[in-house]
Amino acid sequence: ECDDELIKISFTHGLYRDLARYLVERQDLELWAKVLTKDDSAEDGSADAEKESQRRQLIDQVVEWALPESESADEVSCTVKAFMAADLPGELITLLERIILQGSDFSDNKNLQNLLILTAIRADHTRVAGYIDQLDNFDAKDIALICVSESHMLYEEAYSIYNKFAKPEHSTEKEEQVELQVLAIGILVDFMKDLDRAKGFANQVDEKPVWSKLGVSQLEEKMAADAITSFINANDPSEYVKVCAEANEAEIYVELIPFLKMARKNLQENLLDTELIYAYAKVNNLTDLEVFVNGPNVANIQTIGDRCFSEGLYVAAKILFKSINNNSKVALCHINLEEYREAVSAATQANNVSTWKQVCFACLKAEEFRLAATCGLEVIKFPDHVDDVVTYYSDLGYFDHLVSLFEQGLGLEDAHIGIFTELAILYAKHVPEKVMEHCKVFFSKLNVSKVVRSCERARLWSPAVYLYMADKQFDNSVKVMTEHASAFDNDLFLDSIIKVRNGEIMYKAVNFYLTMHPMLFTRLMEVLEELVDHSRVVNQLRRTGDWALQIGQAYMKSVQKSNLSAVNEALNELYIEDEDYESLRTSIDKFQNFNMIALASKLATHELLEFRRISAYVYRCNKKWSHSIDLSKNDRMWKDCIDTANESSDAEIIENLLRFFCETSEKECFCAALYTCFPHVRPDVALELGWLNGYQHFIMPFLIQNTRQTFDRLQALEDRTKPPKEEDNQDQIAGTYSTLGGFSNGMLMIEDSGGMGGMMPPQQPGMQGGLDMSGFAPAGGMPQPGMMPNGGMPNPGMMPNGMGNPGMMPHGGM
């Protein structure tokens, strides 16, 4: 209750020591606060300075006398709390140093030592290292953690703490010592980043966890070689993945091998074995590599083999691939090692087309042609890879070896169409003289379209024609022969032209022969005679020219039997042009399907007589009698006139001709006309002209003939009309009566050449015993034939209105 007065009196009279003792003994934090806390409300500066002086003196007395004299832990604890509450770190440090360092009952108090170090860390970190060295009873791990915190970063002090307490005199247990050593090196590597110092520390303590911690830090800092050494010292394979990655990046395979061997003792991992193989390969330690891969391991040999191969480690890769019998890859390794014979042997064991092809190309590039051919034969067995072989050989310019390869391929048991086709193409490009023979021998095994295209590109038209024909592409074969003279062969052309599918090609062939081979035209048309339209062919000949008609004359004669107007007209024109009137006459006689009037008009003015005669003949054939006779008259061809008039059967035309002969005094012709035209000349006309012109002697043959004809006609008439003989008539009647008895049905047919027949009426009862002749009574009063005189025929002279006996007729007869 009198604390305030006591404080005031003590400050006034300088009783600081007594006040200090009183405060320590009271253990009242509020009372401590009154004397230790500064009064910031004071306005007078001089008063404030005085109070601060009094406060400082009081604190000194507490530190120097009051607290060191105390033996009560509570008093000490309360005093320390008061100083901490008043935020007097400097004074607190001085107080704690007085208590701990200068010998007191509380010198070994852990809390006070912790408080001293912590206060120093917060207020004056320069003293921390000294305190750590002097003090031994504080919480080392906790204090060290506070030292390395971001707010203080007293790494050296933390390291000192761990290093001090890791010693046997401070830590009796080995595990705890190692833990503190790991923490100590952790300070060096994690906070101080002093790996050299850490390495020295690790060498000093030589503990595996320490080495492991160092190895991890070195790995993080890309110090792969040092990290590997650290892990080996630590016998720690736990970071093998990172170690392998960093070692590969740094390419320190020599250092990596011991680590991998160490790791394999503790772990059985695919990566470890794989990386060890790769490390052996990289350092070219092939002996150990071969021993390792042939022994038990869990490495992915295929992967590491591919890796070695891609990096050019072909010897190592070969060992690896051999260990897993990957002969394809072994062959490739031999290739890259220029061991071509061994490569072929490995390819034989692998026996797949991809390997064969790679080995073939490699041998070819190395000019090992025999080995390349061995491999090439295996490749060309597969149609899909033939083009690759051809392209590679061709790119290198080894055409002779390429041809030789495919020639050998013909003897393969499984030789396919692609081999034969490609060889034909190669022949076309490089050995043209062998193309035709090859095509003939192996036609059935060729891809005709490809070979033909190749032949056409190489201008080998004859083989192209052969292939087209053999493949029954006759249209194309004809086209090639027509477009390229070197490919033409008449026999082949004729053989093809009759088999084309497009009929237009035949007519093109006609033009082709007319243009290029006119002397063979006739032979062509002999072949095409049954296949073409002859009228169209003749029109083609006309368009080509007169010479073409001359060439086609033999053909037109051959087909004239079809009697086509175009053919007939063309031939007739040729005959006229050649003045061959005999052939023209024959043609007109046999084949009349043409414009005969036009021909006749054309020939009417011809300079040669025979052709004018033919004109007249044509008119006659077309019943143009007047035109024909006029032409013959002009040429004085009297016989033609007479024949024409006779053929016309026209009395008027004949009479005019007779009168013409009389007018021109052609007595002989007049007589010949009468004789020739006898059936059509009226006797009165002949008599008249003979009498008027005094040609009685010239008409006499006509009259004689006419008289004889009249007589013959009358004689024939008498023979037809004379009655039958008597005895013949009696025989006929007897035969009739004998026939009547043969009918049992009462029916009788009465028939006679001169009478009328009728049916016998039914018999009356009672008349069955004999013939009833009442049925022969003539109906109409005509006597029955058997009752007539002279055998049943009436006498011609006695018949009414009948013809009398010829001897009784007036002279002249009928």
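Treat the numbers as computed from the prediction; the structure is a model and nothing was measured. (Residues numbered from 1 in each chain as written. Predicted model: local features only at pLDDT ≥ 70, side-chain atom pairs only at ≥ 80, totals over all residues. Heavy atoms only, no water.)

Q: What should I look at first to understand empty space enclosed by the protein in this one?
A: Leftover empty space is mapped by rolling, across the atoms, a probe with the size of a water molecule. Per the counting criterion, the structure on display carries three cavities of 30 Å³ or more. In terms of lining, the largest cavity is formed by Ala651, Ile654, Glu655, Leu658, His680, Val681, Arg682 and Val685. For the lining of the largest cavity, the element with the highest residue contribution is helix α44 (residues 651-663), accounting for four residues. Residues of the lining of the largest cavity, tallied by class, amount to five nonpolar, one polar and two charged. (1 Å grid on protein atoms, 1.4 Å probe; cavity = no way out; pocket = protein on both sides within 12 Å on 5 of 7 lines; lining within 4 Å. Points joined across faces, edges and corners; volume = space filled by probe spheres on them. Helix = DSSP H or I, 4+ residues; strand = E, 2+ residues; numbered from the N terminus. Nonpolar A, V, L, I, M, F, W, Y, C, P; charged D, E, K, R; others polar.)

Q: Could you clarify how one ought to interpret the packing of helix α15 (residues 240-250) against helix α16 (residues 253-266) in this entry?
A: A pair of packed helices is characterised by two quantities: the angle between their axes and the separation of those axes. Where α15 meets α16, the axes come as close as 10 Å, and the angle between the chain directions of the two elements is 165°. With respect to each other, α15 and α16 are oriented roughly antiparallel. The chirality of how α15 crosses α16 is left-handed. In this structure, α15 contributes Tyr240, Val243, Cys244, Ala247 and Asn248 to the contact, and α16 contributes Tyr253, Leu256, Phe259 and Leu260. (Axes fitted to C-alpha atoms, helices over the stretch in contact; angles between N-to-C directions. Parallel < 35°, antiparallel > 145°, perpendicular 65-115°, else oblique. Left-handed = near helix turned anticlockwise from the far one by under 90°. Contact = heavy atoms within 4.5 Å.)

Q: Could you clarify how one ought to interpret the packing of aromatic side chains in this entry?
A: Taken as a whole and judged by the stated rule, the model has 20 aromatic pairs. Ring plane angle 70° and centroid distance 5.7 Å describe the contact between Phe488 and Tyr513, whose orientation is recorded as edge-to-face. Residue Phe488 is found in the loop between α31 (474-483) and α32 (490-497), and its partner Tyr513 is found in helix α33 (residues 504-516); the two are separated by 25 residues along the sequence. Each member of the pair, Phe488 as well as Tyr513, carries the same accessibility label: buried. For the pair Phe521 and Tyr555, a centre-to-centre distance of 6.2 Å together with 85° between the ring planes defines the contact as edge-to-face. Separated by 34 residues along the polypeptide, Phe521 in helix α34 (residues 521-528) and Tyr555 in helix α37 (residues 553-559) bring together distant segments of the chain. Both residues of the pair, Phe521 and Tyr555, count as buried. Joined through ring pairs, the aromatic side chains of Phe488, Phe493, Phe512 and Tyr513 make up one cluster. (Phe/Tyr/Trp six-rings, centres within 6.5 Å; stacked < 30°, edge-to-face > 60°. Buried < 20%, exposed > 50% of the residue type's maximum accessible area, 1.4 Å probe, protein only.)

Q: Any chance you could explain helix α42 (residues 625-634) here in plain terms?
A: Think of an α-helix as 3.6 residues a turn; residues three or four steps apart then line up on the same face. Among the residues of α42, Trp625, Ser628, Ile629, Leu631 and Ser632 are the ones counted as buried. For α42, the arc enclosing every buried residue in end-on projection is 160°, short of the 170-degree limit, so these residues lie on one face. Against the buried residues of α42 lie α40 (596-604), α41 (609-621), α43 (638-648) and α44. One or two positions beyond α42, positive phi appears at Arg636, with a value near 55°. (Arc of directions from axis to C-beta.)

Q: What should I look at first to understand the nonpolar core in this one?
A: Nonpolar side chains in soluble globular proteins tend to be buried together. Phe493 and Ile497 are the most contacted members of the largest nonpolar core, which has 148 residues in total. For Phe493, the residues in contact, after removing those within four places along its chain, are Val478, Met481, Thr482, Phe488, Ala509, Phe512, Tyr513 and Leu524. Grouped together as the second largest cluster of nonpolar side chains are 37 residues, Ile93, Phe138, Ala202 and Ala234 included. (Core = buried A, V, L, I, M, F, W, Y, C linked by side-chain atoms within 4.5 Å.)

Q: Help me understand α31 in this model?
A: All of the buried residues along α31 are Phe474, Asp475, Ser477, Val478, Val480 and Met481. Next to the buried residues of α31 lie α29 (448-457), α30 (461-470), α32 and α33.

Q: Can you help me understand the environment of Glu378 in this one?
A: Position of Glu378 relative to the elements: it lies in helix α24 (residues 369-379). With 27 residues separating them in the primary sequence, Glu378 and Asn351 have C-alpha atoms 8.6 Å apart.

Q: Quick question: what am I supposed to make of the confidence of the model for the chain here?
A: Confidence in the prediction of the chain, expressed as mean pLDDT, is 78, and 75% of residues score 70 or more. For residues 740-814, every residue scores under 50 in pLDDT, and the model assigns this stretch 67 contacts once sequence neighbours within four places are set aside. (pLDDT = per-residue confidence, 0-100.)

Q: Please explain the packing of helix α23 (residues 353-365) against α24 as it appears in this structure.
A: Relative orientation of the contacting elements α23 and α24 amounts to 155°, with a least axis distance of 8 Å. Looking at the two axes, α23 sits roughly antiparallel to α24. In this structure, α23 meets α24 at a crossing whose hand is left-handed. Touching Val353, Trp356, Lys357, Val359, Cys360, Cys363 and Leu364 of α23 are Phe369, Leu371, Ala372, Cys375, Gly376, Glu378 and Val379, all from α24.

Q: For this particular structure, what's the right way to read the side chain of Glu207?
A: By secondary structure assignment, the location of Glu207 is in the loop between α12 (195-205) and α13 (208-220). For Glu207, a relative accessible area of 16% puts it in the buried group. Setting aside residues no more than four positions away along its own chain, Glu207 makes contact with Lys174, Val178, Gln181 and Ala202.

Q: Looking at this structure, I do not really get unusual backbone geometry. What am I missing?
A: Peptide bonds are mostly trans, and most non-glycine residues show a negative phi. Of note in the backbone geometry, Asn325 takes a positive phi value of approximately 60° without being a glycine. Positioned with a positive phi, Glu367 is a non-glycine residue whose angle comes to about 65°. Tracing the backbone through its elements, the reader meets Glu367 in the loop between α23 and α24.

Q: Even after reading the chapter, I still don't get the pattern of salt bridges, so can you show me in this structure?
A: A pair can form between side chains of opposite charge whenever their charged atoms are brought close. This model, assessed by the stated rule, comprises 21 salt bridges. With its nearest N and O atoms 3.1 Å apart, the salt bridge here joins Glu666 to Arg636. Residue Glu666 is located in the loop between α44 and α45 (667-676), and its partner Arg636 is located in the loop between α42 and α43; the two are separated by 30 residues in the primary sequence. Several salt bridges share partner residues, and in doing so they unite Glu275, Lys282, Arg307 and Glu311 into one network. (Salt bridge = Lys/Arg side-chain N within 4 Å of Asp/Glu carboxyl O.)

Q: Is there a simple way to explain a negative patch on the surface in this structure?
A: On the surface, a cluster of negative charge is made up of Asp546, Glu577, Asp578, Glu579 and Glu607. As for its position among the elements, Asp578 is in helix α38 (residues 565-578). (Patch = residues over 30% accessible without salt bridge, like charges linked within 9 Å, V, L, I, M, F, W, Y side chains within 5 Å. Areas by Shrake-Rupley, 256 points an atom, 1.4 Å probe, with all protein chains shown as cover. Lys, Arg positive; Asp, Glu negative; His and termini not counted. Charge placed at Lys NZ, Arg CZ, Asp CG, Glu CD.)

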